[in-house]
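Analysis of the macromolecular model
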Amino acid sequence: MNVNKFINSKKITSRYLILKFLDGVFIDKKTVPQTLEVLLKKKIVFEDKDIAKAERISNFIFGHLKSIDSILFSTLKKKTRISVLNILRIVLSEIVLKEAPNYALVNSAVELGKVNKKTKYFVGLINAVSKKLIQKNKNNELFLKSNLEIGFKTYLQRNYSSKIAEKIEKIYTSSNTFDLSLRNSNEIEFWKKKLNATVLPTGTLRIKKNVKISELDGFKDGKWWVQDISSSIPVKLLGNLKGMEVLDLFSAPGGKAMQLISLGAKVTCIDNSLVRIKKLEENLARMKMKTDIIKTNFYNYNSKKKFDLVLIDAPCSATGTIRKNKELQYLFPQKRLENLIKIQRDSLKFAKKFVRDDGLILYCNCSLFLSEGEDHILDFVNKNKGWYYEKLTNTNKGIDKDWFNEFGFLRIRPDHLHDQGGMDGFFAAILKKNHPDKIS
Ligand SMILES: C[S@@+](CC[C@H](N)C(=O)[O-])C[C@H]1O[C@@H](n2cnc3c(N)ncnc32)[C@H](O)[C@@H]1O
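Residues numbered from 1 in each chain as written. Predicted model: local features only at pLDDT ≥ 70, side-chain atom pairs only at ≥ 80, totals over all residues. Heavy atoms only, no water.

**Focus: the overall build of the chain**
Summing up its helical and strand segments, the chain has 16 helices and 12 strands in all. Relative to its length of 440 residues, the chain is compact, with a C-alpha radius of gyration of 24 Å against a globular reference of 22 Å. A buried classification covers 55% of the 440 residues belonging to the chain. Across the chain, every contact between residues at least 6 apart in sequence was considered, and the portion connecting residues at least 24 apart equals 72%. Approximately 21,500 Å² of the chain is accessible, and the part contributed by carbon and sulfur atoms is 52%. With 79 positive and 47 negative side-chain charges, the chain shows a separation of 5 Å between the mean positions of the two kinds. (Helix = DSSP H or I, 4+ residues; strand = E, 2+ residues; numbered from the N terminus. Rg over C-alpha atoms; globule rule 2.2 N^0.38 Å. Buried < 20%, exposed > 50% of the residue type's maximum accessible area, 1.4 Å probe, protein only. Contact = heavy atoms within 4.5 Å. Areas by Shrake-Rupley, 256 points an atom, 1.4 Å probe, with all protein chains shown as cover. Lys, Arg positive; Asp, Glu negative; His and termini not counted. Charge placed at Lys NZ, Arg CZ, Asp CG, Glu CD.)

**Looking at the side chain of Thr319**
Position of Thr319 among the secondary structure elements: in the loop between strand S8 (307-313) and helix H15 (337-352). At a separation of 3.5 Å, a polar atom in the side chain of Thr319 contacts the side chain of Ser367. (Polar contact = N/O pair within 3.5 Å; in protein donor to acceptor, adjacent residues only side chain to side chain.)

**What about the sheet that holds strand S4 (residues 224-226)?**
Read across the open sheet, the 4 strands follow the order S2-S3-S1-S4; overall the sheet is antiparallel. Looking at the sheet topology across the chains shown, the edges are occupied by strand S2 (198-199) and S4. Two strands pair when backbone bridges link them, and strand S1 (residues 177-182) and S4 are joined in this way by 3 bridges, in the antiparallel orientation. Bridging across to S4, Ser181 finds its partner in Trp225. (Pairing = 2+ DSSP bridges.)

**Some words on the nonpolar core**
Of all hydrophobic cores here, the largest spans 47 residues; its most connected members are Leu17, Phe46 and Ile61. Of all elements in the fold, only helix H1 (3-9), helix H2 (13-26), helix H3 (32-41), helix H4 (48-63), helix H5 (65-75), helix H6 (82-96), helix H7 (102-115) and helix H8 (123-138) reach the threshold of two or more residues within this core. Beyond its immediate chain neighbours, meaning those up to four positions away, Ile61 contacts Ile18, Leu22, Ile68, Arg89, Ile90 and Ser93. Counting 42 residues, the second largest nonpolar core, distinct from the first, contains Val246, Ala265, Leu328 and Phe404. (Core = buried A, V, L, I, M, F, W, Y, C linked by side-chain atoms within 4.5 Å.)

**Here we look at the domain arrangement of the chain**
We note that the domain assignment places domain 1 (3-138), domain 2 (176-226) and domain 3 (227-432) within the chain. Measuring from the centre of the C-alpha atoms in domain 2 to the corresponding centre in domain 3 gives 22 Å. With 19 residues of domain 2 at the contact, the number on the domain 3 side is 24 residues. At the boundary of domain 2 with domain 3, total buried surface from both sides reaches about 1,700 Å², with 51% on carbon and sulfur atoms. Its largest share of buried area at the contact with domain 3, domain 2 owes to Arg183, Thr202 and Trp225, together 40% of the area lost on that side. At the surface where domain 2 touches domain 3, the tally comes to 0 salt bridges. (Domains from an automatic or database assignment. Buried area = accessible area lost by both parts, 1.4 Å probe. Salt bridge = Lys/Arg side-chain N within 4 Å of Asp/Glu carboxyl O.)

**With respect to the site of the ligand**
Near the ligand, the surroundings consist of 17 residues, among which Phe250, Gly255, Asp271, Arg276 and Asp313 are the closest. Between Pro253 and the ligand, the recorded distance is 3.5 Å, taken from a backbone N or O atom to an oxygen atom. The side chain of Arg276 places a nitrogen or oxygen atom 2.5 Å from an oxygen atom of the ligand. Taken by itself the ligand offers 610 Å² of open surface, and the protein chains cover 86% of this. For the shell around the ligand, the residue count by class is 6 nonpolar, 7 polar and 4 charged. (Near = heavy atom within 4 Å. Nonpolar A, V, L, I, M, F, W, Y, C, P; charged D, E, K, R; others polar.)

**Side note on the packing of aromatic side chains**
Applying the stated criterion to the full structure yields 17 aromatic pairs. Taken together, a centroid distance of 5.0 Å and an interplanar angle of 90° make the contact between Phe190 and Trp191 edge-to-face. Taking relative accessible area as the criterion, Phe190 reaches 48% and is therefore assigned partly exposed. Relative accessible area serves as the criterion here: at 5%, Trp191 is assigned to the buried category. On the numbers, 5.2 Å between centres and 65° between planes, the contact of Phe250 with Phe298 is edge-to-face. Here Phe298 lies in the loop between strand S7 (292-295) and S8 and Phe250 lies in the loop between strand S5 (245-248) and helix H13 (255-262), a separation of 48 residues in the sequence. (Phe/Tyr/Trp six-rings, centres within 6.5 Å; stacked < 30°, edge-to-face > 60°.)

So, in structure tokens, the structure goes:
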């Protein structure tokens, strides 16, 4: 029997997917979307509801791993295979989350063990440990606490503060919302009511996650697009954009390009990923927005044209998005940095060539690492005579003064706006040529 048939017949499709996500991170060192892509390539198909459930539960596991493992290690007498441990991580989480009656959870854990060559000799152990966990739950002994991966937490403690690291650790697993940017900001009240949304200080709408985005009012008509509040703030730092010519170096899936276009800018979009450009094209078509799209590696882009603004939303460690992508902390973000830092540095060098003398560069990304943010900007102004960075302080448009750091850069963290569910971490800086007072 093929995998699809087996997991469907045993009703363990979403659990199989959770196991694949966990094995993907802890064995193959792949992110959740990368694992999903591998499975789809192998023609193992999943329904949207199974993917959503698997993402929800695996995210819960990544966000509570320390206490999950401490319970499992104290229940298991000796070390076991990672895949077996991953199955037990799933059962334990599902017991705590009350995902199904206890007997069904034990059965599906055992069936899950049978799917895989690596785990099928351990189904007896899986069965026994699952039953012990159920007993522990009845005795109120299963208490799970939100935690950050230790190396990542230490980074936050050293580079932000212990208090900030604690705060992020405490709240980052409670996010259960997504955000929308409106095409027309005059329609906030209308869409707030229509979508039963909360309005965040910058005008972004926040919605509870338990809805299907493509079925919401206004989706097909292009009245809004999905964009975390923090990702929409860099563009809000700019002045009037009407008629401005913009080069968007890393454009897909187009959140910032759509913002720029809706504010009257003419945007040239560059991206090197076919799959992501397809998404960008779908988004622009839905929004009925037109723009030039160039599929190329930015290193190969060549033109005599100069722009008023070059936007660099460079690929990065994405550590600011841990509310949604909790597995990233377990994939050695600091070790993956080298290549990303080179692309970021090169893109700044590259952008210089395409900016008009009175133009500017908006540099931003969703990393919490200073080496992907502050360090680049300080290095850039040091090495490039005449260039300076703007000290950002603008607290209009609902932007809180606490979201700027001591340099005057935008430095948003996942604990900001925590009463309303938090926001992704984001960094942004504006670089300009020819400072009037020549200070930099
Ligand atoms: C952070 S995402 C951009 C998000 C986008 N600005 C938005 O607001 O929706 C980074 C993008 O850079 C693209 N990219 C990565 N390396 C690239 C390269 N060398 N040249 C061009 N695009 C690249 C990726 O395909 C990805 O779509």
